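Residue-level structure breakdown
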Protein chains: 2
Amino acid sequence: MASKPSIPKGTRDFSPIEVSKRNYIISIMRKHFEKYGFQPIETPSFENSDTLMGKYGEEGDRLIFKILDSGEYFEKATGDKYLGEKNFNYLNLFTYSALEDLFKRVSDSEEDLDLEKLILEDLIESKNRFFTYLKNDSLVNYVKQFIIVNKNYFHNSIKIVKENTLLKNATFKFNFDTFYVGNFLKSEIYADFLNGLKENGFNLYEDLTSKNLISKISEKALRYDLTVPFARYVVQHQNEIEFPFKRYQIQPVWRADRPQKGRFREFYQCDADVVGSTSLWQEVELVQLYDSVFAELGLEGVTIKINNRKILSGIAEVIGASDKLIDFTVALDKLDKIGEDGVKKEMIEKGISEVALEKVQPLFNFTGSISEKIDKLSVLLEASEEGKKGIEELRFICDTVSKLGLLKANLDLDVTLARGLNYYTGAIFEVSAPKTVAMGSIGGGGRYDDLTGIFGLKNMSGVGISFGLDRIYLVLEELNLFPETVTTSTKVMFLNFGESQAFEAMKVITELRSKNIKSELYPDNSKIDKQFKHAERRNIPYVVKEIVDGKFTLKNILSGNQTAVSLEELILELQ
Amino acid sequence: MASKPSIPKGTRDFSPIEVSKRNYIISIMRKHFEKYGFQPIETPSFENSDTLMGKYGEEGDRLIFKILDSGEYFEKATGDKYLGEKNFNYLNLFTYSALEDLFKRVSDSEEDLDLEKLILEDLIESKNRFFTYLKNDSLVNYVKQFIIVNKNYFHNSIKIVKENTLLKNATFKFNFDTFYVGNFLKSEIYADFLNGLKENGFNLYEDLTSKNLISKISEKALRYDLTVPFARYVVQHQNEIEFPFKRYQIQPVWRADRPQKGRFREFYQCDADVVGSTSLWQEVELVQLYDSVFAELGLEGVTIKINNRKILSGIAEVIGASDKLIDFTVALDKLDKIGEDGVKKEMIEKGISEVALEKVQPLFNFTGSISEKIDKLSVLLEASEEGKKGIEELRFICDTVSKLGLLKANLDLDVTLARGLNYYTGAIFEVSAPKTVAMGSIGGGGRYDDLTGIFGLKNMSGVGISFGLDRIYLVLEELNLFPETVTTSTKVMFLNFGESQAFEAMKVITELRSKNIKSELYPDNSKIDKQFKHAERRNIPYVVKEIVDGKFTLKNILSGNQTAVSLEELILELQ
């Protein structure tokens, strides 16, 4: 391989500095997660396909990375190598194999064999060969019945083969293909056969699609998010788990999305969820958790936006159409940009009635403190039972958070916040980066009342939040908030002047390391210039040049200062 | 989905306690890696297939997990849906499609059309349709030439179709299949065709294997180890890297191995490597690094076994056959069990001569200190230049390590150590768990002189070691060496007596968390018994029952002791 190697699009290598910065963020998240009583779990990178498929909508299914089964699945799937070379259509394979043997025996024989008996024998054998693959007795039965009913047709076919010189001169395989592929597949009988299959729930043509092929050669898929594996974990381990269960999970997920700036095919999710309690104290805690993580990261001006699915349902009731809800919130979100008239124009264009707009008029002047906003909502959603429930939840969360106080973040009520509308049932969260940074959401979450229902465990309410590691990284980078210590690696490098001096250096290095001072020996007795350059390029702040009579010539690379120090002084300086 | 969900075989869920214990080991490794000047990198979970394939031998290739390309690759690969239903063999598809159109036109016509001209026109069209898929002009040309040369044959075929009533009654497709599949594929001409293809570098039958199919539907694969991705990283980023480059990497790898006790399909590797220097100081440091990690983990009695590829080469020279080297080391390794006579018997059975055995007689009494062993080897390998070089390297490493001293581990020379014989060129390491634990190697490594050569960057010597996380975990577990603090999560839980008391509790919890005390509120106002049980099951050591007049009733769950304390006393007790 002569060309420079590369990595798949949408993936990244992380350099030492990048790993250190990412680990800095992760370690702070981890610390706060644990302070709040969340416990870490980890799940496998790949799950059984049926755990993931169908959980993220059709688009999601498409974006799940599937893993090929290992081994010779292709040969395995088609029974043997010969068949493997013919056709991947497993139904054809099945009937083909059964019939091929049969025709061969009948056409080779001079006697008039009992075709029906032979068919049955062959089918039993074929069934055994292919059963594990077909996994479907009724299909086998259908094919069997079909052949028996049409046995006269097959008799005639064989007769023709026997009588036709042109055909007889060719190999048996030729004969078989003639009648099987030519007549059986293409004649009206074949049309009958297809119809019969369809009526019995099989569709020969629709069967051979990528989706079906995938289901035959792949049974595992890479994790698409952490929520579904968490739900699977909870159900699978329900007897070992003490509920309410507060778990956090920091692991990569994979999506076959089209890569673009800031969107990757492999990225970390950092989730904290509680499952098994509907208590609103959890929503309160999650707001505090966001605040305490971002505060320790030094991020000022973060806004934690909150909304409630029930309030959105209430608004949908008031505007008279739940299918217009997204149009409504998207338009309303533009209030700052295009003004009240512009927003209303857009809403009407989308089919929301003027009467409805009058009813939600307060939303066009939706300013003030959270409690003022809640008061406005109370009036607006007076007629909606669900809306009122949402307001009650929101009021408790916001009042309590406000009384407990936040360190640095702001909490704000945003009725246009409609993320996760398909699964969130209560609170909805989203965190915005400080306004000085052009970056979308850096976190989000919400409550879903039936987290584990997809795996058969009902009545398990869950609420959780997620931190967007990649975006938080970019924000900290832009605001220069990574502490310098994060990226300093080795503290001191000893120059190498050959074996005996290197040995003296290594004795001291061993001592320094035992005191947790990151230290290195330059491994080769190279030119001193080269050694110094190495320390500079590595951002190693100190170099020990010489060791004479237990005194170390210590050079500060940045300042250029050079001093002779004792071992004790060296340790003191470096610690 | 009603049945309880599960995870793919060979993978694992990690519970909070397991994650905490694993992170404890990882954090100690990380700390020591950095103390020794190693810097972290991370590479993507999947690499381009050609980065991985062919790097681990044929067996390795088989064990690499391949990822399916996303999208409708199947339909894409076969040109269109109709063809997709027919046959996956792309070569057949190509000729099939070209010929089908052609035969149809000729057999439908009453005139004698210019077949050659038609063939050329059709081939151009077919070529355009399939070209992107075939990506091979010479194949197209070959097929074209073949058809032109054999045009008389095709003429005759068409004549037969036209004259034969039986065949004419069937659909065109039937006719075509008869001659294309029957004659063309099966006749001597077809044999010629296949031979011609082979001579031109195409093999029709060998083409349709799982391996070829995989290459068409998968271009990415999960990381199999950390070494090859590291080599790829070094070559790809060679201009940004300051050499010698000391990197560590702690990430999962995936192998489609048959799962069994202690062998998983997803597991972590923890590697430290230096690349870009041949200095033996690195081998010295790696021995120290092993020692310092295992010492901090509290593991006594770890043995770091060392050998050298060059010594093994020397022994192979002396026994007169390098292909017998593994037989030799495997037999020699049984010395303790089956005695000198047994070992020699086995060696002779494997075809090693008695003369050779006499020459290596010292290895049958290979005891004593490392330097005694080295002296014995010096005599034994006197005639082998490479062997002598190996002894020299070994002597430097062992002498230096011995003079610098190890904290807890033992270093031992083991000439039967022959791991990684295919790639290691110098030192070979393996770490054995303490003898009290029945566990194989818990680490290993060595030097390879041409780490990055596979990616086109020559003369980059590398040396590295790996820690076996799973096995180290099991050893610590068996010896009860995990500190208790590793698994204690929440320190104190406040009982929940309803909203107003819960609010008072949450105020204090917020205060405690700001002092990094892991604390929780029970989220629901449940029965007190239930709340206490939750604390017990979660191993939370303290519960705050009541808060009255700023005094907290603190109960120690283990001792049952209960005291009323002030906030300051509470903090003091919990910190």
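Not measured: the values here are computed from a predicted model.

Of the regular secondary structure elements, chain A holds 26 helices and 16 strands. Pairs at least 24 apart in sequence give 69% of the contacts found in chain A among residues at least 6 apart. In the structure as shown, chain A presents an accessible area of about 24900 Å², 48% of it carried by carbon and sulfur atoms.

On to helix α23 (residues 469-478) of chain B, then. Residues and elements named next belong to chain B. For α23, the complete set of buried residues consists of Leu-469, Asp-470, Ile-472, Tyr-473, Val-475 and Leu-476. Considering only its buried residues, α23 is in contact with α1 (16-35), β6 (266-275), α16 (281-296), β10 (441-448) and β11 (462-467). Phi for Asn-480, located one or two positions after α23, is positive at around 60°.

Evaluated as defined, the whole model comprises 30 aromatic pairs over all chains. Here the aromatic rings of Phe-230 of chain A and Phe-245 of chain A are separated by 6.2 Å at their centres, their planes lie at 35°, and the arrangement is tilted. Remark: Phe-245 of chain A occurs in strand β5 (residues 245-254) and Phe-230 of chain A occurs in helix α15 (residues 227-236); sequence separation between them is 15 residues. Like Phe-230 of chain A, the residue Phe-245 of chain A is buried in the burial classification. Relative to Tyr-248 of chain B, the ring of Phe-33 of chain B has its centre 5.0 Å away and its plane inclined at 45°; by these criteria the two rings are tilted. Linking Phe-33 of chain B in helix α1 with Tyr-248 of chain B in strand β5 (residues 245-254), this pair joins segments that are 215 residues apart in sequence. An aromatic cluster of three or more residues is present, and its members are Phe-33, Tyr-248, Tyr-290, Phe-294 and Phe-467 of chain A. Here the guanidinium or amino end of Arg-12 of chain A rests over the ring plane of Phe-264 of chain A, the centre of that ring lying 3.4 Å away.

Following the UniProt record, one finds the feature "domain: Aminoacyl-transfer RNA synthetases class-II family profile" (unreviewed entry) at residues 244-523 of chain A. Across residues 244-523 of chain A, the secondary structure splits into 40% helix and 20% strand, with the terminal C-alpha atoms separated by 54 Å.

All names here are of chain B. Among the six residues that make up strand β7 (residues 303-308), six are buried, leaving the element largely enclosed by the rest of the structure. Residues of β7 alternate between two faces, with Thr-303, Lys-305 and Asn-307 on one and Ile-304, Ile-306 and Asn-308 on the opposite face, all of them buried. The pairing of β7 with strand β9 (residues 427-432) spans six bridges and is classified as antiparallel. From the neighbouring strand, Thr-303 faces β9, where its bridge partner is Ser-432.

Once that is clear, we can look at the sheet that holds strand β12 (residues 492-494) of chain A. All names here are of chain A. Spatially, the five strands line up as an open sheet ordered β13-β12-β14-β15-β16, and their pairing is mixed. In this open sheet, the two strands that pair with only one neighbour each are β13 (519-521) and β16 (562-565). Direction aside, neighbouring strands of the sheet carry axes that sit 25° apart on average. The pairing of β12 with strand β14 (residues 542-548) spans three bridges and is parallel. The partner of Val-492 across the bridge, within β14, is Tyr-542.

On to the side chain of Glu-285 of chain A, then. By secondary structure assignment, the location of Glu-285 of chain A is in helix α16 (residues 281-296). There is a polar contact of 3.0 Å between the side chain of Glu-285 of chain A and the side chain of Lys-246 of chain A.

Turning next to the pairing of β9 of chain B. All names here are of chain B. The element β9 is largely enclosed, with a buried count of six among its six residues. Going residue by residue along β9, you find Ala-427, Phe-429 and Val-431 tucked away on one face and Ile-428, Glu-430 and Ser-432 tucked away on the opposite face as well. The pairing of β9 with β10 spans five bridges and is antiparallel. Bridge pairing links Glu-430 to Gly-444 in β10.

By domain assignment, chain A separates into domain 1 (13-68 + 218-302 + 441-485), domain 2 (75-209), domain 3 (304-432) and domain 4 (488-574). If you average the C-alpha positions of domain 1 of chain A and of domain 4 of chain A, the two centres end up 43 Å apart.

Let us look at unusual backbone geometry. All names here are of chain A. Pro-244 follows Phe-243 through a cis peptide bond whose omega is -10°. The topology assignment puts Pro-244 in the loop between α15 and β5. Although it is not a glycine, Asn-480 adopts a positive phi angle of roughly 60°. Position of Asn-480 relative to the elements: it lies in the loop between α23 (469-478) and β12. A positive phi angle, near 65°, is found at Asn-516, a position not held by glycine. Note on placement: Asn-516 falls in the loop between α24 (499-514) and β13.

Looking at where Thr-452 of chain B falls in the secondary structure, it is placed in the loop between β10 and β11. At a separation of 2.6 Å, a polar atom in the side chain of Thr-452 of chain B contacts the main-chain carbonyl oxygen of Leu-457 of chain B.

So, on to the sheet that holds strand β13 (residues 519-521) of chain B. Residues and elements named next belong to chain B. The sheet built from five strands is open, its strands ordered β13-β12-β14-β15-β16 with mixed pairing. The outermost strands of the open sheet, each flanked by one partner alone, are β13 and β16 (562-565). Ignoring strand direction, the axes of neighbouring strands in this sheet form an average angle of 25°. Where strand β14 (residues 542-548) lies against strand β15 (residues 551-556), five bridges are found, and the strand directions are antiparallel. Across the sheet, Val-544 pairs through a bridge with Leu-554, a residue of β15. Each of β12 (492-494), β13, β14 and β15 is contacted by helix α24 (residues 499-514), which is oriented at about 165° to β13, the strand it contacts most.

Further remarks concern the packing of helix α21 (residues 370-380) of chain B against helix α22 (residues 385-404) of chain B. Residue and element names in this part refer to chain B. In contact at an axis separation of 11 Å, α21 and α22 are set at 170° when each is read in the N-to-C sense. If you check the angle between α21 and α22, you find them roughly antiparallel. Across the interface between the two elements, Ile-370, Ile-374, Asp-375, Leu-377 and Ser-378 from α21 touch Ile-391, Leu-394, Arg-395 and Cys-398 from α22. Here the contact of α21 with α22 is composed, by residue class, of six nonpolar, one polar and two charged.

Rules and cut-offs
- Residues numbered from 1 in each chain as written.
- Chains lettered and ligands numbered in written order.
- Predicted model: local features only at pLDDT ≥ 70, side-chain atom pairs only at ≥ 80, totals over all residues.
- Heavy atoms only, no water.
- Helix = DSSP H or I, 4+ residues; strand = E, 2+ residues; numbered from the N terminus.
- Contact = heavy atoms within 4.5 Å.
- Areas by Shrake-Rupley, 256 points an atom, 1.4 Å probe, with all protein chains shown as cover.
- Buried < 20%, exposed > 50% of the residue type's maximum accessible area, 1.4 Å probe, protein only.
- Phe/Tyr/Trp six-rings, centres within 6.5 Å; stacked < 30°, edge-to-face > 60°.
- Lys NZ or Arg CZ within 6 Å of the ring centre and 35° of its normal.
- UniProt positions renumbered as here; feature names shortened; annotations may be inferred.
- Pairing = 2+ DSSP bridges.
- Axes fitted to C-alpha atoms, helices over the stretch in contact; angles between N-to-C directions.
- Polar contact = N/O pair within 3.5 Å; in protein donor to acceptor, adjacent residues only side chain to side chain.
- Domains from an automatic or database assignment.
- Parallel < 35°, antiparallel > 145°, perpendicular 65-115°, else oblique.
- Nonpolar A, V, L, I, M, F, W, Y, C, P; charged D, E, K, R; others polar.

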